[in-house]
Amino acid sequence: MWIIDFFKSNCKNCYACVRACPVNAIQVQAEQAKIVKERCIGCGKCLKVCPKNAKHVQSELEKVKTYLKQEGKVVASVAPSFAALFDKGSEKLPAALKKLGFDVVEETVVGAELVTEVYEAYSKMPGDQCYMTSCCPTVNALIQKHYPEIIPFLIPVVSPAACHGKMIKRHYGKETKVVFIGPCLSKKIEGIEEESIDAVLTFEELLEWIKEEKIDWENLQTMPF
């Protein structure tokens, strides 16, 4: 299964997703929409326009729960945008993740610092060459799948999430499970492709999980990453 799929019983052959897809990655066969994985860039536009809510996003929540039940360390790498989502309660997020069973909770920005150093080095290279950053899986997929002629302009360095995953495994051991948590659907593509990331959860999935476990956010202790 790809990161996005369709429920056959819900698809009503309205073509809304076909019209919305910017890269023509949706086909309709036998009155059923189908994602063409080789063209899909994981932008999620089809999710927003479907009037029947026929789309299904791959969830790795059960996989993460399995990791937490097994022996071995499980580390959460949390995207910087958590501060906007949780607002004034963001300092309680590490405690919530610890209650869910994570052994260590770190910020992805740790990896971003190293990636930024590489970007700065490229910005100081002689000449007037233009470069594109490679943090976003959707932008990377757009270039690699649909505009391969400009791949040379894409900075050849892993994303902050992948970099942080490598740092975590180097520090805690290669058997450590790394779970990236962030706002973006397309990071699930990176979770499939990068060995340093074992699973990806969206903030939406995390909030549902916290609710499912009946974690009382108001009474959580503040805790540093």
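Our structure's up above, just so we're on the same page.
Rules and cut-offs
Residues numbered from 1 in each chain as written. Predicted model: local features only at pLDDT ≥ 70, side-chain atom pairs only at ≥ 80, totals over all residues. Heavy atoms only, no water. Axes fitted to C-alpha atoms, helices over the stretch in contact; angles between N-to-C directions. Helix = DSSP H or I, 4+ residues; strand = E, 2+ residues; numbered from the N terminus. Left-handed = near helix turned anticlockwise from the far one by under 90°. Contact = heavy atoms within 4.5 Å. Nonpolar A, V, L, I, M, F, W, Y, C, P; charged D, E, K, R; others polar. Buried < 20%, exposed > 50% of the residue type's maximum accessible area, 1.4 Å probe, protein only. Pairing = 2+ DSSP bridges. Salt bridge = Lys/Arg side-chain N within 4 Å of Asp/Glu carboxyl O. Core = buried A, V, L, I, M, F, W, Y, C linked by side-chain atoms within 4.5 Å. Phe/Tyr/Trp six-rings, centres within 6.5 Å; stacked < 30°, edge-to-face > 60°. Lys NZ or Arg CZ within 6 Å of the ring centre and 35° of its normal. Expected span 1.5 Å × (residues − 1). Arc of directions from axis to C-beta.

1. Notes on the packing of helix H5 (residues 93-100) against helix H10 (residues 203-212)
Turning to step 1, where the next piece is worked out: Across the interface, H5 lies against H10 with an axial gap of 11 Å and an inter-helix angle of 65°. Once H5 is placed against H10, the crossing between them reads as left-handed. Residues Leu93, Ala96, Leu97 and Leu100 of H5 form the contact with H10, whose participating residues are Leu206, Trp209 and Ile210.
Turning to step 2, where the next piece is worked out: Taken together, the residues of the contact of H5 with H10 sort by class into 7 nonpolar, no polar and no charged.

2. Focus on the pairing of strand E5 (residues 74-78)
Turning to step 1, where the next piece is worked out: A large share of E5 lies buried, amounting to 5 of its 5 residues.
Turning to step 2, where the next piece is worked out: Neither face of E5 is left uncovered, since the one carrying Val74, Ala76 and Val78 and the one carrying Val75 and Ser77 both have all their residues buried.
Turning to step 3, where the next piece is worked out: Alignment of E5 against strand E7 (residues 177-182), held across 5 bridges, turns out to be parallel. By the bridge assignment, Val75 is partnered in E7 with Val178.

3. Some points on the sheet that holds strand E8 (residues 199-202)
Turning to step 1, where the next piece is worked out: Across the sheet, which stays open at both edges, the 4 strands sit in the order E6-E5-E7-E8 with parallel pairing between neighbours. A strand with exactly one partner marks an edge of an open sheet, and here the two such strands are strand E6 (104-107) and E8. Geometrically, the sheet is characterised by an average inter-axis angle of 25° between neighbouring strands, direction not taken into account.

4. A look at the pattern of salt bridges
Turning to step 1, where the next piece is worked out: With the rule as written, the count across this model stands at 6 salt bridges.
Turning to step 2, where the next piece is worked out: Lys63 is the salt-bridge partner of Glu60, the closest N and O atoms lying 2.8 Å from each other.
Turning to step 3, where the next piece is worked out: Here Lys65 and Glu62 are joined by a salt bridge, their closest N and O atoms 3.7 Å apart. Pair noted here: Lys65 and Glu62 are both in helix H3 (residues 61-69), with a separation of 3 residues, about one helical turn.
Turning to step 4, where the next piece is worked out: Residue classification places Lys65 among the buried positions, given a relative accessible area of 16%.

5. Here's the deal with the nonpolar core
In a soluble, globular protein the nonpolar side chains are often hidden away together inside.
Turning to step 1, where the next piece is worked out: Counting residues in hydrophobic clusters, the biggest one holds 31 residues, and the most contacted among them are Leu97, Phe102, Ile181 and Leu206.
Turning to step 2, where the next piece is worked out: Secondary structure elements with two or more residues in this core: H3, E5, helix H4 (82-86), H5, E7, E8 and H10.
Turning to step 3, where the next piece is worked out: By residue number, the principal contributor to this core is H5, which donates 5 residues.
Turning to step 4, where the next piece is worked out: Residues contacting Phe102, with those up to four places away along its chain left out, are Val64, Leu68, Val74, Val75, Ala76, Leu97, Val179, Ile181 and Trp209.
Turning to step 5, where the next piece is worked out: Counting residues in each nonpolar core, the second largest holds 18 residues, with Trp2, Cys17, Ile35 and Cys46 among its members.

6. Quick notes on the packing of aromatic side chains
Turning to step 1, where the next piece is worked out: The tally for this structure, following the rule as stated, stands at 3 aromatic pairs.
Turning to step 2, where the next piece is worked out: An angle of 55° between the planes, with centres 5.0 Å apart, marks the rings of Phe82 and Phe225 as tilted. With Phe82 in helix H4 and Phe225 in the segment after H10, the pair connects residues that are 143 residues apart, well separated along the chain.
Turning to step 3, where the next piece is worked out: Phe225 sits in the partly exposed class, given a relative accessible area of 34%.
Turning to step 4, where the next piece is worked out: Over the ring of Phe180 we find Lys187; its NZ or CZ atom is 5.5 Å from the centre of that ring.

7. Concerning helix H6 (residues 109-123)
Turning to step 1, where the next piece is worked out: For H6, which comprises 15 residues, the first-to-last C-alpha distance of 20 Å matches the rise-based estimate of 21 Å (1.5 Å per residue) to within 8%.
Turning to step 2, where the next piece is worked out: Every buried residue belonging to H6 is among Gly111, Ala112, Val115 and Tyr119, and all of these are buried. The buried residues of H6 occupy an angular sector of 95° when the element is viewed end-on, so they sit on one face. Within H6, the exposed residues directed more than 90 degrees away from the buried face are Glu113 and Glu117.
Turning to step 3, where the next piece is worked out: Contacts made by the buried residues of H6 are with helix H8 (160-172).

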